[in-house]
Each structure stands twice: as structure tokens, then as C-alpha cells.
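Close look at the chain arrangement
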Amino acid sequence: MNKTKNIIQRINFLKTEIARHNEFYYGQDNPKISDKEYDDLVKELEDLEKNYPLFSSSESPVKKVSSFASSTFAPVKHLSPMLSLDNTYSKEEFSVWYERALKSLGTEDLEFIIEPKVDGLSASLIYTKGVLTKAATRGDGEIGEDITENIKTISDIPKSLLNKKEPPGIFELRGEVYMSQNDFESLNAKILQEGGQKFANPRNAAAGSLRQKNSQITAQRQLKFFVHSFGSASGMNFKNHYDFLTYCKQCGFVLQEYIKICKTIDEIFSFFDLMEQKRDTLPYEIDGLVIKINDYSLQNMLGRTNKSPRWAIAFKFPAKQASAKLNKIEVQVGRTGALTPRASLEPTALAGVMISHATLHNFEEIERLNVNEGDIVLIERAGEVIPKIIKVLDKGGAGFFKPPSNCPSCNSKIVKENEDEVAYRCVNPECPAQFTRHLIHFVSRNAMDIDGLGEVIIERLVQKKKLNSLSDIYNLKFEDFIEIELFKDKRAHNLINAIDESKSRPLNRLLFALGIRHIGQKSSELIAQKFKTMDALFSASFDDFVQIDEVGEVLSQSLIDFFKESETRRIINSLSAAGVNMTEPDIEDAGKQFDGLTFVLTGELKSYTRTQAGQIIKSLGGKISSSVSKKTNFVLAGADAGSKLQKAKKLGVAIMDEEEFKNISSLHGNKHR
Ligand code: IVH
């Protein structure tokens, strides 16, 4: 009985933990654990669900592609799902995948094509008859966010395919949007100069730049793009991945410099070793290689699981390690009062970056590592997250560091709320450190997004007693900034404008910004969409909250607790009086795949009547015309199509057959006979 309880508890813990890290990674572009640690959580949950199928559920995170689409952008349904890749972390693990592929295909003679795994974010581009008509983020793999205007600002992405000879009717191209190391550094330098919050790494910078409402900002960010795969490609018959890449190059896309075809596992390993050495010399970040079976008919034979293809795998580079002296253990107070230790290190070079801090997670971790100030420690940086301490190499200090008994900010007594909890907390509601962190969260990029109001400025304004409550942000004056040294007129003006602009953020941003316990970005969006106004939230019941998909009992209780506080009412009233928006706009209509395209129907369709097909085309934004001309974008041709089809061929108009049409329309939820 106890064992069962433990298993259920562990499964629930893993689900919550995975959802929490999905939110950090995809929602906030701010991962807290490495890919390896994330994969380990997923693997453990997968194993438990496999061994105890009774406790597995269809909405388990192991069964779907992670990430989510936010409500900031209109949703776009992908024509074919955007999958993720399985990861391997060692030559042994990779060999297992390799051997399985040979065995499944019953051959020893396989060709692999290998590309560096670019550390960016994936995007899907739709070219309709060679013209870029739609672009979307991956989202949850089925539905992404419409980022067409932002994608159009990327110079690596042709607005129309250069290879104009018979472009595919619909070409759904996938690739990685990334920021080069140099552009990342210049962007951060500029942000710092303007007093803003810098990006932690190029991936976050690329994600933050791509998901801008204002495409002029994206245009200034020098994003780049490498094509790596495709979904639909009507009328194209690529034999293998190499052919596809060559075609993309002719179309005007940029390919990575290091792409290699290998026939044996030894060749793959040598290329892996070579790229691991070259990794830091590339102008952009890579975190491993992607190994793909080259031949498309063999890829099709292997197929895919519901999350990832079986014909490709990511082979990640090992984490980078170095030794460093731990100078000091700093204790930070978070916005909920939780105390978190952090190691301040003697600045140490690790894979080309100077490291001066490492995470220590919590005080139990310090005890486990038996680490103290003065020790020499082994640090590791996996991917993009802040480095962590693996072990003590040489003991300089005695024993391990003990948690303080008083808050380092306000000196109040520290408590451990219950024995199971690992966090120590300062529970003084007036604690200045908590309030400062709260303000920093409130103005942060995914919350009220006040560009230029960085940590240092907030700290100074709190010290100067200019910020005593959240709404004080909206009372700040030009002079308040000018009084802070190094603040020039222009910067102060920009900041005043940014503060003013933030007043119109939708309700979901404000909800997230308020920092309600357990309420992340995604739940804020779901809640705001349902209730629409702040007033409705104040009068909502526990049952109203719990009815929202993905808002469970813990979140609902947290919302109830928050909205019944008289302090909450006071905060909201003063924000509202300052002019902060308290409503959520409706989500825009789904991105329409056939926007502005003209279709002519001809021949006999098996699965649709003419009227049905016409309705579907119109529902996807297209128009129907009765005669074929140069202006026609597509001829939808059924069986026994006659003169209209001939004319289309003569004029070079793209022809879509019924199968293709069925694929596209059923993906948009349209039914056929
Ligand atoms: S191939 C699954 N090739 O890695 C569809 N993906 O972790 C085939 N990525 O979602 C993808 N570099 O966004 C492929 N050279 C590359 C890649 C690459 C980066 C991304 C891609 C994918 C993610 C999976």
C-alpha cells in the first residue's frame, strides 16, 4: 500500500516538475535545469508509467511534445506535426539507437547525414507557390504561434523561393531561428547600457526577439536561420535529406558549414569528436549533433512515435566542466521569501565564458555536497543554464555551510514551513528583499515587460523609498530617474514611455506579474481567457477556477487565497487608478493558411462535394474563381479534370490533388464525406 502511495506521489511529483520546467523553458525562455536533467525526469516518468500503466494518464507530459502556444499571437495549426528529437548523451547510448536502426531496416549498409544541433528555437515556414505566406513557432507541436511578420524580418529567409522553377504548391519548411554569439553579446551590452535585464544566453535572446509583438524590434535583433527539415512539400519528390538540403540552398537558404554523410558508426564518432572540438569556434551555439538517416524511403519505413521520429536522434555533447574556488556562499531572498544559497566563485573560464556564480539549489544540496566557503569545487555547465557544483575537489573550508537563522535582508527569524519542505523562508511581509524581487518579477519580460527597468535601478529606487508598493512604478517621474547617477535624459524619457506603455498589457500579463503562488504564465493565460476581467476574478469561486483545464486544486486554492486578501484589493485598486488595464482581449482568429489565395475547382472529388470543398477553402481564407488565369494560385483537381487542368499546366499554376487537399483541410478540423 505504502509502495503504491509512493509511486503515485512520485508520478505526480514528476508531472508537476516537468510542467514547471516546461513553463521555464518554453513560457519564460528561462530554463532552470539542463536538457540532461530534464530528460532524466521525463525518462523516469516514462519508466514509471510503463511499469505501472494503471497510474498513467493520457495528458501525461511524456505523451506529448512539450511547450505551449501563448495567447499573445494568433494560433496556427501546422499542416504536419512538429516533432521533437530523442536525445542520447553517450557513445553507448547512441550505439543502441544505431544498432536498432540497422536491425529494423535489416541492413548493414546505411547512410547517415549529420548536422550540428543548433541551439535556437524551431520555426515552421509555409511557402505557397514559392511565396512565404505564413510562419509559426512550434507551440505544442500541433498548434504554434503566428510569427509571420517577425520571420519576414530575417534576412536568411527568402520572402520568395529563388528557385522559381515549379515551386511546390505548399512547402512547409522547418528550421532553427538563432542568434549568433557576436550579435548576442552586442545585444546584451546594449541592454545593459540602457539599464535593462540582459538575456542569459543566445537561445533566450533569439526566443525573446522572435516573440515580439512589434516586428520592428525583431528586425533590429539580427536573427538568423538554418533550415533542417520539412513537413508538407506538395509535388516534390526528394530522394534523400541531402537532396532536400541542396534544393533549399538553391531556393536561397543558408546551410550549416559542417554537414557530413557517414556510413559507419566510427565515422559518426570521429565527426562527433571533431565537432566537439570545433564547437567553441563556431559563430553560433550548438549543443550536439543531429544524426539522420539520409534516405527518405527508409525514414518512412522507420516512422515515428507520437513525440519524435525514429529515423533521427540528437547526440548531445557532454557538459563542460572546470575547477573553481568557492569564495562565498551568498544567501538570496526570493519574492516568496524563500532563501536560496548561491556560490560566488573566483572568476573561472568555462568553455569560453567567464563564470563567477554557480547554483546551489537549496541548503540540503550544500549538506549533500559537504561544501563550504574556501573549497575548490568542480563546476559543470550543461547547455545554457547557470553552472552547478558537481563535487568538492579540495576541502579548503571545514564542514558544510549552515543556513542562517535570520533573513539576510530584514533580519527576521527564518522558518521552515513544514518538515518536508527543503526551503527556508523569511515570512516578514515587509521584507525589502522580497519586495524588490517582487518588483523585478512584476516588470520582467514575460510579465509587464517594462523595458529598461532593470534590477539595479529597482534596487536603488527601493533604497531611495521611491518604490514602496507595486503601483508606485506608475507614479515614477522623470526626476526620480535623473537623480540616479549615470541616468541621461533620453534614457529617463524612454523609461517613462516604457512604463506608460506597460499599462495596456492584457490581463494575463498582469496576473502573471502579480506573482500569485503556483500561477505561471500558461495558467495566467488560461485564467484570463476564461474570466476576461479582474472583477470577475474577485467574484470567482473555487469551482469556477477548478473547471478550467489544467488548473487543478492547488492553483485554484492559491487563487482563492490571493483574491480574498484585503491587501490584494488595495493593490489592484491602486494599479487600476494608475491606469493599468484590467481586461483580456479575445484571441484572434486562427491563422488562415489560404489567406489571399485564389482557387479553381475542377474534376470529380471523391471525398467532398464541390460546395463542401469551396466552403473549406473559404474558411481557410481562400477565394474561389470559376476560370483559370495567371492570377489563380491553385487548381484543385479531382478525377477526370479537363480543360481547366490543361490551362493551369500551360500557365504554370500550381495543381493540388485531392489527397493533398484532404491532408491540409482535415488538419484544420474540416470533415469530408
Ligand atoms: S531535425 C524532429 N536538425 O532540435 C524534427 N533539428 O530537440 C526534425 N534542431 O525541434 C528536426 N538543430 O528545432 C533537426 N540540425 C537540426 C537541428 C534541429 C536544432 C532542433 C529542432 C528540434 C529540436 C529537437
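Report follows, based on the coordinates. Because the structure is a prediction, the values reported are computed rather than measured.

Counting its secondary structure elements, the protein chain contains 24 helices and 22 strands. By the compact-globule yardstick of 26 Å for 673 residues, the protein chain fits well, its C-alpha radius of gyration being 27 Å. If you take every contact in the protein chain between residues at least 6 apart in sequence, the share linking residues at least 24 apart comes to 69%. Counting every atom, the protein chain has about 32,100 Å² of accessible surface; 49% of that belongs to carbon and sulfur. Averaging the locations of the 90 positively and 91 negatively charged side chains of the protein chain gives two centres separated by 4 Å.

Moving on, we get to the site of the ligand. In the region of the ligand, 16 residues are neighbours, and Glu115, Val118, Ser122, Glu176 and Lys292 sit closest. Lys117 is positioned with one of its side-chain polar atoms (N or O) 3.2 Å from an oxygen atom of the ligand. Ser122 is positioned with one of its side-chain polar atoms (N or O) 3.4 Å from an oxygen atom of the ligand. A total of 520 Å² of accessible area belongs to the ligand in isolation, and the protein chains cover 89% of it. Every element with two or more residues in the shell around the ligand is listed here: strand E3 (112–118), strand E8 (224–233) and strand E10 (286–293). In terms of residues, the shell around the ligand owes the most to one element, E3, which gives 4 residues. Per-class residue counts for the shell around the ligand are 6 nonpolar, 5 polar and 5 charged.

Now for helix H2 (residues 35–51). Because each turn of an α-helix spans 3.6 residues, side chains separated by three or four positions in sequence point in the same direction. Here H2 is 17 residues long and its end C-alpha atoms lie 24 Å apart, about the 24 Å a rise of 1.5 Å per residue gives. All of the buried residues in H2 are Tyr38, Asp39, Leu41, Val42, Leu45, Leu48 and Glu49.

The next subject is the packing of aromatic side chains. Evaluation of the coordinates by the stated rule reveals 29 aromatic pairs. Ring centres of Phe171 and Phe230 lie 6.4 Å apart, and the angle between their planes is 55°; on these two criteria the pair is classed as tilted. Taken as a pair, Phe171 in strand E7 (residues 170–178) and Phe230 in strand E8 lie far apart in primary sequence, 59 residues in all. Clustering of aromatic rings is evident, with ring pairs tying together Phe94, Trp97, Tyr98, Phe112, Phe269, Phe272, Phe315 and Phe317. In this arrangement the basic side chain of Lys402 is found over the ring face of Phe400, its NZ or CZ atom lying 4.7 Å from the centre. When the ring centre of Phe538 is taken as origin, the NZ or CZ atom of Arg569, which lies over that ring, is 3.8 Å away.

The subject of this paragraph is the sheet that holds strand E20 (residues 623–624). In spatial order, the strands read E20-E19-E21-E22; together these 4 strands make up an open sheet with parallel pairing. The open sheet has two free edges, formed respectively by E20 and strand E22 (654–657), since each of these has just one partner strand. Two elements, strand E19 (residues 598–602) and E20, share 2 bridges in a ladder whose sense is parallel. Counterpart to Thr598 in the pairing with E20 is Lys623. Contacts between helix H22 (residues 610–619) and the sheet are confined to E19, E20 and strand E21 (634–637), with E19 contributing the most and set at about 165° to the helix. With respect to the sheet, helix H23 (residues 643–651) is in contact with E19, E21 and E22, its orientation differing from that of E19 by roughly 140°.

What follows deals with the pairing of strand E11 (residues 312–316). Most of E11 sits out of view: 5 of its 5 residues are buried. Going residue by residue along E11, you find Ala312, Ala314 and Lys316 tucked away on one face and Ile313 and Phe315 tucked away on the opposite face as well. Bridge count between strand E2 (residues 87–88) and E11: 2 bridges; the pairing is parallel. Within the sheet, the bridge partner assigned to Asn87 lies in E11 and is Ala314. As judged from the 5 bridges shared by E10 and E11, these two strands associate in the antiparallel manner. Note on E11: the bridge partner recorded for Gly288 is Lys316.

This part covers the side chain of Asn150. Looking at the secondary structure, you find Asn150 in helix H4 (residues 148–151). The exposure class assigned to Asn150 is buried, which follows from its relative accessible area of 3%. Side-chain polar atoms of Asn150 contact the backbone oxygen of Gln212, separated by 2.7 Å. Among all residues touching Asn150, those that are not within four sequence positions of it are Phe73, Leu210, Arg211, Gln212, Asn214, Ser215 and Thr218.

A few words now on the packing of helix H5 (residues 181–193) against helix H6 (residues 202–210). The interhelical angle for the contact between H5 and H6, taken along N-to-C directions, is 75°, at an axis separation of 10 Å. On the basis of the axis angle, H5 is roughly perpendicular to H6. Residues Gln181, Phe184 and Leu187 of H5 pack against Pro202, Ala205 and Ser209 of H6. Grouping the amino acids of the contact of H5 with H6 by side-chain chemistry returns 4 nonpolar, 2 polar and no charged.

This part takes up the pattern of salt bridges. Evaluated as defined, the whole model comprises 26 salt bridges. The partner of Lys224 in a salt bridge is Asp183, with the nearest N and O atoms 3.3 Å apart. Of this pair, Lys224 sits in strand E8 while Asp183 sits in helix H5; the two residues are 41 residues apart in sequence, bridging distant segments of the chain. Close ionic contact of Glu373 with Lys328 constitutes a salt bridge, the shortest N to O distance being 3.9 Å. Note that Glu373 is positioned in the loop between helix H11 (363–369) and strand E15 (376–381) and Lys328 in strand E12 (residues 320–333), a separation of 45 residues in sequence.

Of note, Phe244 is situated in helix H8 (residues 241–251). It is 8.2 Å that separates the C-alpha atoms of Phe244 and Ser229, two residues lying 15 residues apart in sequence. Leave out the neighbours within four places in its chain, and Phe244 touches Phe171, Leu173, Val227, His228, Ser229, Phe230, Phe238 and Tyr296.

With phi around 60°, Lys465 is a residue other than glycine that occupies positive phi space. Non-glycine residue Asp640 carries a positive phi angle of around 55°. With respect to the helices and strands, the residue Asp640 is situated in the loop between E21 and H23.

Below, the discussion takes up the state of the cysteines. For the coordinates displayed, the defined rule picks out 0 disulfides. Of the cysteine sulfurs around Cys426, a residue in no disulfide, the closest is that of Cys410, at 3.6 Å. Judged by relative accessible area, which is 1%, Cys426 ranks as buried.

To continue, consider the sheet that holds E11. Within the open sheet, the 5 strands sit side by side as E2-E11-E10-E3-E9. Their pairing is mixed. With one partner strand each, in any of the chains shown, E2 and strand E9 (260–262) form the two edges of the open sheet. Sheet topology places E3 next to E10; 6 bridges connect them, and they run antiparallel. Note on E10: the bridge partner recorded for Phe112 is Ile293. Along the sheet, H8 makes contact with E3, E9 and E10, crossing E3 at roughly 55°. Where helix H9 (residues 265–278) meets the sheet, its contacts fall on E3, E9, E10 and E11, and the angle it forms with E10 comes to roughly 160°.

Thresholds, definitions, all that
- Residues numbered from 1 in each chain as written.
- Predicted model: local features only at pLDDT ≥ 70, side-chain atom pairs only at ≥ 80, totals over all residues.
- Heavy atoms only, no water.
- Helix = DSSP H or I, 4+ residues; strand = E, 2+ residues; numbered from the N terminus.
- Rg over C-alpha atoms; globule rule 2.2 N^0.38 Å.
- Contact = heavy atoms within 4.5 Å.
- Areas by Shrake-Rupley, 256 points an atom, 1.4 Å probe, with all protein chains shown as cover.
- Lys, Arg positive; Asp, Glu negative; His and termini not counted.
- Charge placed at Lys NZ, Arg CZ, Asp CG, Glu CD.
- Near = heavy atom within 4 Å.
- Polar contact = N/O pair within 3.5 Å; in protein donor to acceptor, adjacent residues only side chain to side chain.
- Nonpolar A, V, L, I, M, F, W, Y, C, P; charged D, E, K, R; others polar.
- Expected span 1.5 Å × (residues − 1).
- Buried < 20%, exposed > 50% of the residue type's maximum accessible area, 1.4 Å probe, protein only.
- Phe/Tyr/Trp six-rings, centres within 6.5 Å; stacked < 30°, edge-to-face > 60°.
- Lys NZ or Arg CZ within 6 Å of the ring centre and 35° of its normal.
- Pairing = 2+ DSSP bridges.
- Axes fitted to C-alpha atoms, helices over the stretch in contact; angles between N-to-C directions.
- Parallel < 35°, antiparallel > 145°, perpendicular 65-115°, else oblique.
- Salt bridge = Lys/Arg side-chain N within 4 Å of Asp/Glu carboxyl O.
- Disulfide = S-S within 2.5 Å.

Any functional reading would require information that these geometric values do not contain.
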